[in-house]
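Here are the chains, one letter per residue:
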Amino acid sequence: MDDLDKAILISFDESGAVDSALKAQAVAYCQQFKENPSICSICIERLCFSKLVQVQFWCLQCLHEVLRVRYSSMGPEEKSFIRKSVFSLGCYESIDDKNLVRLLDGPAFIKNKLSQVMVTLVYFEYPMIWPSVFVDFLSNLSKGVVVIDMFCRVLNALDDEVISMDYPRSQEEVAVSGRIKDAMRQQCISQVVRAWYDILLMYRNSDPDLCCSVLDSMRRYVSWIDIGLIANDTFVGLLFELTLASGFRDQLRGAAAGCIHAVAAKRMDPKAKLTLLQSLQIRRVFSLVAEDNDSELVSSVASLLTGYSTEVLECLKRLNSEDGKAVSTELLNEVLPSVFYVMQNCEIDETFSIVQFLSGYVGTLKSLVPLTETQSHHVGQILEVIRTQIRFDPAYRNNLDVLDKIGREEEDRMAEFRKELFVLLRSVGRVAPDATQIFIRNSLASAVASNGDVDVEEIEAALSLLYAFGESLTDETMKTGNGLLGELIPMLLSTKFPCHNNRLVALIYLETITRYMKFFQENTQYIPLVLSAFLDERGIHHPNSNVNRRASYLFMRVVKLLKAKLVPYLETILQSLQDTVAQFTTIYASSKELSGCEDGSHIFEAIGLLIGMEDVPLEKQSEFLSALLTPLCQQVEALLLNAKAQNPEESPAKIANIQQIIMAINALSKGFSERLVTASRPAIGLMFKQTLDVLLRILIIFPKIEPLRCKVTSFIHRMVDILGSSVFPYLPKALEQLLAESEPKELAGLLVLLNQLICKFNTGVRDILEEVYPAIASRVFNVLPRDAFPTGPGSNTEEIRELQELQRTFYTFLHVIATHDLSSAFLSSKSRVYLDPMMQLVLHASCNHKDIVVRKACVQIFIKLIKDWCARPYGEEKVPGFQSFVIEAFATNCCLYSVLDKSFEFRDANTLVLFGEIVMAQKVMYEKFGNDFLVHFVSKGFPSAHCPQDLAEQYCQKLQGNDIKALKSFYQSLIENLRRQQNGSLVFR
């Protein structure tokens, strides 16, 4: 064993016993050795004598690489030596009568690698240099199994590496593939086919594995060889004999079926294809699908039947003659029962393909209404297939009920799997609506009558069918309850399945009722049954928390839809929900129990929607609201009272409890409108004000608890919506507390709240804004970095993301202030100190911010401030220094230099809108500053951009005119002209 052998062994070691440094050294040595000019002859010599499979593999791998990379630079003698040597190795021959090792006696991976090397030679040399490769190989097949096996491996490798279009190919590879196929068709493919036939005949009883290899090669080649070589009585007869004879192994029978499938799938003219499909007499394999429902053979036969059916269907679509259509229909009618049987009874991999085929088949029926008796029967069978396929496997019943990891994976898998089946169901529903409704009615009736504990999956499937069917119904059909709907929905509502405690059944039951809610809007006599379903143990009182939470959300949706129709049942509903309401707000939930607790607040939203209607008398409304708000506020007060004396272990639970209560009150308030609370029933408004007063104290007792601050902020948003301007007295205290301990994320939330106030009340909030703005500006400028945010590795931290979000929200805040006539807030005595940093920030963003929407907002801020703070030319300067800042800094940097930058992309729609604002800013500056602006912009800005004098004069004319569109168009062409002149030589800013 020399150094190379040792290095190869070390480099392939996977035991972990070899030192990593030594292994790296060995790999480097092997890599370096490949640079040896004689590497090919060294490798071939080792292949003749080395019995170490690692060395054999390395040498073959090396030959493969060298041929691919260096073939064109090799001399004719070296190529000839490699060709003869590799062919001898592949045909079980000696090289110069001295090699002691036969590679074909080695493991499969050595033979596969050798076949790759041979195919690389074929790639470069067939048929120009090495025209006899396949003919020579055929003459060696008489040596027996090892050479036949090798021949199959070479054919398969040729398909994988060169011919098959299942892999992406370059143009060169496609051309080589065509060259090889053309030469094989002309020269040897008929001999190859004859060899396949002879081998199958000779070895079918003695060596099934070899026959499987031959059939695998043949299946790959059928698509591009002359189909007449295979599709004849002799060869097809042999393939059917291999498929049908029970004495052969399943793998061999399945491989033969795969070849028949390839014959059926051969691309050809539809008329010739139909003749071919007829000649196959596919009915011969129908009996095989019943042999063993989950065997490898059944899977292959299922694939054959699907492929055959798809091809027949394609003929039916493409042929126009009555005869062609009749024959296609006859063949389909013949094969479909077996396809249905496979789908309903067998474990196969072909389900998706069959569903695709059935969708295509149903598509052809759309133009054939009314359906024949046979077609109607097929529709019924397709519906049965859908029901069978959407059923969950009972083996996963417990996993799905407790929703553990396995259950979650199975539920996700089925949700994905069902999509295509439900699309198919909707298609069938359109082709045969009556038959579909009857089928779903019978499925539901069967589920109602079934033994619930045994037939959980059957019941879930029946309900899922009814749910999915609802997706295809129009609102009108749903409302009127035409057809069998008037029977189906009452049947659904009046049923309490024995397995209703099962999570999946309970969920789909409630989802289905919600799906048909428009039916109940018109058929109000069923509302009591709907309410029972949601309010009893089937819904909100279901023992499974996943179900009762979902039920709460769905019930809220039901209330939104039915609203006033539920007023007569209001007291009954509230009575049923008493325990749920109490449970939601009084449990000191652990963080685990709180996960998903947002869902619980849907109950309060539903109650709010119900009691917040004007249809409810004031006395009742006050009574109901007080009964909810009073105990909730009392709980908060009690928790706040005890806060300082709390045991630290109890604190998280109590904070979580307060969060729950705020969420509940917040949700409850969503049912009340501003008109009702402030105008028609101010007593209700008073209750919410008292509640706000209590909740604001949370900010004093828990000033640093971020989740509580966020929840209180969210509640203030709601109170702004419903209390209107009567919320003003509470705001100074609230804003002061929210600002006091705010982190960047909370500060951004506070700015959003202020934006809401400004947008709703405009100048009505001037006093509040002038009071709070200095503190906000101080806080923002303290936390935002003075320079740009860092970029590159490690810069995308949560802290930086929060600061970026704060900056973005601050720009929006400044924009909202400016555009709502509140710019005086920037000029109060306390705010003046922040005017310069604010201007610099807005200027920088208007020129450089990567978000075009932010840049546009900043330009609009400047436009509005110029209008607010600058009188017409020669008027008194309201803000000293502002005019010169705008002319010297904003005009030049934003309106000229930033648009000259090539990153300013005129082809982008948002950028064009920004450009429009920049042009508008120039127009406004000219109107307000006159020649002060124009002279500076043209005499200082344009020369630095090398603007020709004639274009500068045209700009002045356009600016002084009244056509803003013409100005915009001219300025864009001016900028593009200046860019071309610069050709990247000038970098501004």
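Cut-offs applied
- Residues numbered from 1 in each chain as written.
- Predicted model: local features only at pLDDT ≥ 70, side-chain atom pairs only at ≥ 80, totals over all residues.
- Heavy atoms only, no water.
- UniProt positions renumbered as here; feature names shortened; annotations may be inferred.
- Helix = DSSP H or I, 4+ residues; strand = E, 2+ residues; numbered from the N terminus.
- Rg over C-alpha atoms; globule rule 2.2 N^0.38 Å.
- Buried < 20%, exposed > 50% of the residue type's maximum accessible area, 1.4 Å probe, protein only.
- Contact = heavy atoms within 4.5 Å.
- Areas by Shrake-Rupley, 256 points an atom, 1.4 Å probe, with all protein chains shown as cover.
- Lys, Arg positive; Asp, Glu negative; His and termini not counted.
- Charge placed at Lys NZ, Arg CZ, Asp CG, Glu CD.
- Salt bridge = Lys/Arg side-chain N within 4 Å of Asp/Glu carboxyl O.
- 1 Å grid on protein atoms, 1.4 Å probe; cavity = no way out; pocket = protein on both sides within 12 Å on 5 of 7 lines; lining within 4 Å.
- Points joined across faces, edges and corners; volume = space filled by probe spheres on them.
- Nonpolar A, V, L, I, M, F, W, Y, C, P; charged D, E, K, R; others polar.
- Phe/Tyr/Trp six-rings, centres within 6.5 Å; stacked < 30°, edge-to-face > 60°.
- Core = buried A, V, L, I, M, F, W, Y, C linked by side-chain atoms within 4.5 Å.
- Axes fitted to C-alpha atoms, helices over the stretch in contact; angles between N-to-C directions.
- Parallel < 35°, antiparallel > 145°, perpendicular 65-115°, else oblique.
- Left-handed = near helix turned anticlockwise from the far one by under 90°.

- The name an unreviewed UniProt entry assigns to the protein is Exportin-T, from the organism Nicotiana tabacum.
- Of the comments in the UniProt record for the protein, the one headed Sequence similarities (unreviewed entry) reads "Belongs to the exportin family."
- Its UniProt record gives the protein the following Function (unreviewed entry) comment, quoted word for word: "tRNA nucleus export receptor which facilitates tRNA translocation across the nuclear pore complex."

## Some words on the overall build of the protein
- Regarding its fold elements, the protein presents 47 helices and zero strands.
- For 989 residues, the compact-globule estimate of 2.2 N^0.38 gives 30 Å, and the protein exceeds it by more than 25% at 40 Å.
- Counting the 989 residues in the protein, one finds 53% classified as buried.
- Intrachain contacts of the protein at a sequence separation of at least 6 include 73% that bridge at least 24 residues.
- On the protein, roughly 44200 Å² of surface is accessible, and the fraction owed to carbon and sulfur atoms is 50%.
- For the protein, the separation between the mean place of its 100 positive charges and that of its 118 negative charges on side chains is 5 Å.

## With respect to the pattern of salt bridges
- Here the structure, examined in full by the defined rule, presents 49 salt bridges.
- Here Glu487 and Arg441 are joined by a salt bridge, their closest N and O atoms 3.2 Å apart. Residue Glu487 is found in helix α24 (residues 485-493), and its partner Arg441 is found in helix α21 (residues 433-449); the two are separated by 46 residues along the sequence.
- Between Glu674 and Lys760 there is a salt bridge, with its nearest N and O atoms 2.8 Å apart. Highlighted residues: Glu674 in helix α34 (residues 674-680) and Lys760 in helix α38 (residues 744-761), separated in sequence by 86 residues.
- In this structure, a network of salt bridges that share partners links the residues Asp159, Asp160, Asp216, Arg219 and Arg220.

## Examining unusual backbone geometry
- With omega at 0°, the peptide bond leading from Tyr126 into Pro127 counts as cis.
- Here Pro127 lies in the loop between α6 (108-125) and α7 (133-140).
- Positive phi outside glycine occurs at Asn762, with the angle close to 50°.
- The backbone phi angle of Asp821 is positive, close to 60°, even though this residue is not glycine.
- Of note, Asp821 is situated in the loop between α40 (798-819) and α41 (835-848).

## Concerning empty space enclosed by the protein
- Scanning the model with the defined rule gives two cavities of 30 Å³ or more in all.
- At the level of elements, α19 (397-402) and α22 (456-470) are the ones that each hand at least two residues to the lining of the largest cavity.
- When residues of the lining of the largest cavity are assigned to their parent elements, the largest contribution, three residues, is made by α22.
- Split by residue class, the lining of the largest cavity holds four nonpolar, one polar and three charged.
- What the second largest cavity holds in volume is close to 30 Å³.
- In terms of lining, the second largest cavity is formed by Leu754, Leu757, Ile758, Val765, Ile768 and Leu769.

## Quick word on the packing of aromatic side chains
- A complete count under the given rule lists 36 aromatic pairs for this structure.
- Between Tyr71 and Phe124, the ring centres sit 4.5 Å apart and the planes meet at 5°, which makes this aromatic pair stacked. On the criterion of sequence distance, the pair formed by Tyr71 in the loop between α4 (53-70) and α5 (76-90) and Phe124 in helix α6 is long-range, its members being 53 residues apart.
- A relative accessible area of 24% places Phe124 in the partly exposed class.

## Comments concerning the nonpolar core
- Met184, Tyr955 and Tyr971 are the most contacted members of the largest nonpolar core, which has 361 residues in total.
- Looking at which element gives the most residues to this core, the answer is helix α43 (residues 882-900), with 13 residues.
- Aside from chain neighbours lying at most four places away, what touches Tyr955 is Gln922, Phe933, Leu934, Phe937, Val938, Phe942, Leu967, Phe970 and Tyr971.

## What about the packing of α22 against helix α25 (residues 503-515)?
- Running from N to C, α22 and α25 cross one another at 20°; their axes reach a closest spacing of 9 Å. Between α22 and α25, the angle is such that the two are roughly parallel. Here α22 runs over α25; the crossing is left-handed. Where α22 abuts α25, its residues Val456, Ile459, Glu460, Leu463, Ser464, Leu466, Tyr467 and Gly470 lie against Leu504, Val505, Ile508, Tyr509, Glu511, Thr512 and Arg515.
- In the contact of α22 with α25, the residues fall into nine nonpolar, three polar and three charged.

## Things to note about the layout of surface pockets
- As a volume, the largest pocket reaches approximately 810 Å³.
- Elements supplying a minimum of two residues to the lining of the largest pocket: α39 (766-783), α40 and α41.
- Element by element, the count of residues in the lining of the largest pocket is highest for α41, at six residues.
- Tallied by class, the residues present in the lining of the largest pocket amount to 12 nonpolar, 10 polar and four charged.

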